[in-house]
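# Geometric and topological summary
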Amino acid sequence: MSEPSTTEAPRHPSSDPPEFVAPTEGDTTTTETRPTGAEGVDAGVGLTALLVAAARAIETRRPDSLAQDVYAEHFVRAAPACADWPVSIQQVPDGDDNQLWGRFARYFGLRTAVLDDFLQRSVGTGVRQVVLLGAGLDTRAFRLDLPSDCVVFEIDRAGVLAFKQQVLKDLSAAPRAKRVQVPVDLRDDWVTALTSAGFDPAAPSAWLAEGLLFYLPGPAETYLIDTVDRLTTGASALAFEAKLEKDLLAYRDSPIYVATREQIGIDLLDLFDRGPRPDSAGDLTAKGWSTSMHTPFEFTRLRGRGPLPEPNDALEGNRWVFAHKPRP
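These numbers come from a predicted model, not from an experiment.

### Re the overall build of the chain
Along its length, the chain carries 11 helices and 7 strands. Put simply, the chain has 328 residues, and 56% of those count as buried. Within the chain, contacts between residues at least 6 apart in sequence are counted, and of these 75% link residues at least 24 apart.

### Examining the packing of helix α1 (residues 44-60) against helix α3 (residues 99-124)
When two helices pack together, their arrangement is given by the angle between their axes and by how far apart the axes lie. Axis separation between α1 and α3 bottoms out at 8 Å; the angle between their running directions is 85°. If you check the angle between α1 and α3, you find them roughly perpendicular. Here Leu51, Val52, Ala54, Ala55, Arg56, Ile58 and Glu59 of α1 come into contact with α3, specifically with Leu100, Trp101, Ala105, Arg106, Phe108, Gly109, Arg111 and Thr112. Classifying every residue of the contact of α1 with α3 by side-chain character gives 9 nonpolar, 2 polar and 4 charged.

### So, the nonpolar core
Residues Leu50, Phe75, Trp85 and Trp101 are the most contacted members of the largest nonpolar core, which totals 75 residues. In terms of residue count, α3 provides more of this core than any other element does, 13 residues in total. Membership of the second largest hydrophobic core comes to 32 residues, among which are Trp190, Ala209, Phe240 and Val321.

### Some remarks on the pattern of salt bridges
The tally for this structure, following the rule as stated, stands at 27 salt bridges. With a shortest N-O distance of 3.9 Å, Arg143 and Asp69 are connected by a salt bridge. Highlighted residues: Arg143 in helix α4 (residues 140-143) and Asp69 in the loop between α1 and α2 (72-78), separated in sequence by 74 residues. The exposure class of Asp69 is buried, given its relative accessible area of 3%. The network of salt bridges with common partners includes Arg56, Asp69, Arg111, Asp116, Asp138, Arg140, Arg143, Glu210 and Glu241.

### Points about the sheet that holds strand β3 (residues 178-183)
Reading across from one edge, β3-β2-β1-β4-β5-β7-β6 is the order of the 7 strands in this open sheet, with mixed pairing throughout. Either end of the sheet is taken by a strand with one partner, and the two such strands are β3 and β6 (290-294). With direction set aside, neighbouring strand axes in the sheet form an average angle of 15°. Pairing analysis gives 3 bridges linking strand β1 (residues 129-133) to strand β4 (residues 206-209), with the strands arranged parallel. In the strand pairing of β4, Leu132 is matched with Leu208.

### Some points on unusual backbone geometry
One non-glycine residue, Ser172, adopts positive backbone phi at about 55°. Turning to its location among the elements, Ser172 is positioned in the loop between α5 (158-170) and β3. Note on Ser172: relative accessible area 64%, which makes it exposed. At Asn312, a position not held by glycine, the phi torsion is positive, near 50°. With a relative accessible area of 31%, Asn312 lands in the partly exposed category.

### Notes on α3
Look at α3: 36 Å from first C-alpha to last across 26 residues, which is about the 38 Å you get at 1.5 Å a residue. Of all the 26 residues making up α3, 22 are buried; the element is thus mostly covered by neighbouring parts of the structure. By the N-cap criterion, in which a side-chain oxygen at the helix start approaches the backbone nitrogen of a residue two or three places on, α3 is capped by Asn98, the distance to Leu100 being 2.9 Å. Phi for Gly126, located one or two positions after α3, is positive at around 110°.

### Topic: the packing of aromatic side chains
Given two aromatic rings, one states the distance between the centres and the angle between the planes to describe the pair. Following the criterion strictly, the structure yields 17 aromatic pairs and no others. Arranged with centres 5.4 Å apart and planes meeting at 55°, the rings of Phe214 and Tyr215 form a pair that is tilted. By relative accessible area, Phe214 is classed as buried at 8%.

### Structural notes on the pairing of strand β5 (residues 237-243)
With 7 of its 7 residues buried, β5 lies for the most part within the structure. Taken together, the 4 bridges between β4 and β5 define a ladder with parallel strand orientation. Following the sheet pairing, Ala206 is matched in β5 by Ala237. Once the chain exits β4 it traverses helix α7 (residues 218-230) before rejoining the sheet at β5, and the crossover so formed is right-handed. Direction of pairing for β5 relative to strand β7 (residues 318-324): antiparallel, over a ladder of 7 bridges. For Glu241, the partnering residue across the bridge sits in β7 and is Trp320.

### Some words on the packing of α3 against helix α8 (residues 255-264)
Where α3 contacts α8, the two axes come as close as 9 Å, and the packing angle between them is 125°. Considering their axes alone, α3 and α8 lie oblique with respect to each other. Two packed elements cross with a definite hand, and for α3 against α8 that hand is left-handed. Here α3 contributes Gln99, Leu100, Trp101, Arg103 and Phe104 to the contact with α8, which in turn contributes Pro255, Ile256, Ala259, Thr260, Gln263 and Ile264. Each residue belonging to the contact of α3 with α8 can be placed in one class, and the counts come to 7 nonpolar, 3 polar and 1 charged.

Cut-offs and rules
Residues numbered from 1 in each chain as written. Predicted model: local features only at pLDDT ≥ 70, side-chain atom pairs only at ≥ 80, totals over all residues. Heavy atoms only, no water. Helix = DSSP H or I, 4+ residues; strand = E, 2+ residues; numbered from the N terminus. Buried < 20%, exposed > 50% of the residue type's maximum accessible area, 1.4 Å probe, protein only. Contact = heavy atoms within 4.5 Å. Axes fitted to C-alpha atoms, helices over the stretch in contact; angles between N-to-C directions. Parallel < 35°, antiparallel > 145°, perpendicular 65-115°, else oblique. Nonpolar A, V, L, I, M, F, W, Y, C, P; charged D, E, K, R; others polar. Core = buried A, V, L, I, M, F, W, Y, C linked by side-chain atoms within 4.5 Å. Salt bridge = Lys/Arg side-chain N within 4 Å of Asp/Glu carboxyl O. Pairing = 2+ DSSP bridges. Expected span 1.5 Å × (residues − 1). Polar contact = N/O pair within 3.5 Å; in protein donor to acceptor, adjacent residues only side chain to side chain. Phe/Tyr/Trp six-rings, centres within 6.5 Å; stacked < 30°, edge-to-face > 60°. Right-handed = clockwise from strand over helix to strand, strands pointing away. Left-handed = near helix turned anticlockwise from the far one by under 90°.

Take a look at the structure:
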């Protein structure tokens, strides 16, 4: 996202989302001009959804797979932009030594598994509403063993959801829980869209913001976290991914970022917002939530596979945050 001003508080009332503009290459200006037209998975942040799908496809085919997503390969093959991307590690000449399709893809596989477990623990405590913020090509409503009375709300731009729906329709895929698509840009009034779609703020809910917040300007992240707090009751839960680096450009020549730029033409540092990040975990703690923050490497060690720290590591500042709102 284009870098926002950080010297002034947002001019929008707390009930309205702060507007921000989608990124263009090299753009670091501040503006409130909104782009027009539907955005799908063929460029920009939408294309990163296909990157994650390819990583999940590769993970699915591994003999020591951490997570299974049989739909991921079909998303990759359905999009012309990534027709030549691998969907198994055997299709990568240098295999796991490849920073993108080896190490980075394994990171996404690990993240998928950890957040799968988070959601399944949540429904195990009685939660029957799941909200996927920036759902992308997430197929948890189809993959996970969720109760039939659980409702999964998928919030994303109409173009992304339409692409996903067409692929799943062609596969005759059936969700295991009730699935409700909420086609709205998170820059717009997604709260009204979500509640109009049947979300009940008075009932416990579990929320995922997977690979989302670091694309947003700081004020937009703060608004989102505050809104989740406002829309949740006791026994609700939230998991999200954050980046703690003070200077993202210090990692511009990190092997992961270089490989992603050179192999598939995605410059993540042009898509990430480079303004100061809010302390969303601290904000939730101040609101009474119990929070825990972890490095991905902790889960690598727990599960026996996944990325470990390296020099000049683009994953060094990544954190996975889990927050639970206590019962009244």
